[in-house]
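Summary of the model geometry
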Amino acid sequence: LLGKLEPFQREVATPIERDRDEEIAARLAAVVQPFLLRRRKSDPHIAPDLPPKTETDHFVGLTVEQATLYKAVVDELRDDVEEADGFDRRGLVLKLLTSLKQICNHPAQFLGQDDPLAGRSDKLDAVTDLLSVVVDEGEAALVFTQYVHMGHLLGAHLERAGLDTQFLHGGVPVKQREAMVDRFQ
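A brief report on the enclosed structure follows. (Residues numbered from 1 in each chain as written. Predicted model: local features only at pLDDT ≥ 70, side-chain atom pairs only at ≥ 80, totals over all residues. Heavy atoms only, no water.)

Some words on the overall build of the chain
Inclusion rule: Secondary structure elements follow DSSP: runs of H or I of four or more residues count as helices, runs of E of two or more count as strands, with numbering from the N terminus. Each residue is assigned to one of three classes by its accessible area relative to the maximum for its type, calculated with a 1.4 Å probe on protein chains only: buried under 20%, partly exposed between the two thresholds, exposed over 50%. Using a 1.4 Å probe, accessible areas were evaluated by the Shrake-Rupley method; residue-level cover was limited to the displayed protein chains.
The helix and strand tally for the chain stands at eight helices and zero strands. If you list the helices and strands of the chain from N to C, you get α-α-α-α-α-α-α-α. Sorting the 185 residues of the chain into buried and exposed places 25% on the buried side. A total accessible area of about 13,400 Å² is found for the chain, and carbon and sulfur atoms account for 55% of it.

A short note on the pattern of salt bridges
To keep things clear, this is the line we draw: Any Lys or Arg side-chain nitrogen located within 4 Å of an Asp or Glu carboxyl oxygen qualifies as a salt bridge.
For the structure on display, the rule yields nine salt bridges. In the salt-bridge network here, residues are joined through shared partners; they are Glu6, Arg10 and Glu11.

What to know about a nonpolar patch on the surface
Definition in use: Like charges are joined within 9 Å and nonpolar side chains (Val, Leu, Ile, Met, Phe, Trp, Tyr) within 5 Å, but only among residues with over 30% relative accessible area and no salt bridge; these make up the patches.
A grouping of Leu142, Phe144 and Phe184 is seen on the molecular surface, where their side chains present a nonpolar patch of about 350 Å² in accessible area. Mapped onto the secondary structure, Phe144 falls in the loop between α6 (122-136) and α7 (148-160).

Quick look at the nonpolar core
The cut-off we apply is this: We call a set of buried Ala, Val, Leu, Ile, Met, Phe, Trp, Tyr and Cys residues a nonpolar core when their side-chain atoms join them within 4.5 Å. The contact rule is simple, with two residues in contact once any of their heavy atoms fall within 4.5 Å.
In terms of nonpolar packing, the biggest core is built from 10 residues, these being Ala108, Leu117, Leu124, Leu131, Tyr147, Met150, Leu153, Leu154, Leu158 and Leu163. Looking at this core, the elements that each hand over two or more residues are α6 and α7. In terms of residue count, α7 provides more of this core than any other element does, four residues in total. Among all residues touching Ala108, those that are not within four sequence positions of it are Gln113, Leu117, Arg120, His149 and Leu153. The next biggest cluster of nonpolar side chains, apart from the first, holds seven residues, and it includes Val74, Leu77, Leu96 and Ile103.

Overview of the environment of Phe59
Along the chain, the position of Phe59 falls in the loop between α2 (22-32) and α3 (64-83). Exposure remark for Phe59: the relative accessible area of 78% places this residue in the exposed category.

It is worth stressing that arrangement in space is one thing and function is another; only the former is reported here.
Right under this line is the structure:
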């Protein structure tokens with residue numbers, strides 16, 4: 001999308017960073033805008049439209065299945081992590097953290113399953129309930145996940161729960177992505 005690195009740095013990045021070239025910055029913004037879903041309150045045309053930021057923590061437990069998987073993964077990798085060193089140890093710790101995050105999302109994500117989903121993750125149940133309230137109030141929401149598989153699982157689950165969804169990820173073609181963003185807006 002942005003071309004080769006060296007010409008990009010010479011013709012775009014350097015003039016923007018060093019010379020504060022607003023014309024080049026505007027052209028770059030126009031190219032990448034379809035890929036950006038972030039709006040800032042500091043944007044003058046956005047601030048009046050955004051409600052104040054509200055953060056609420058919702059603590060949910062693990063189901064028996066999740067707790068069992070969690071413990072099994074920790075027990076399986078604990079000795080390997082303790083015996084490893086350097087790069088291998090960091091890799092194992094990353095593998096462990098990734099596995100535990102997936103288990104906490106939903107066992108189906110960790111196990112590479114598509115169904116059944118219902119009743120296996122308190123986190124999934126909580127987000128479904130929260131999104132149902134948001135939709136009932138006539139509002140829309142964005143839900144972020146690091147994992148494409150979890151996005152597919154979540155989208156299918158929410159559709160079955162009667163909620164209209166769109167799943168935007170890196171594999172969505174540009175025209176479809178733009179249509180999704182416009183629809184959400």
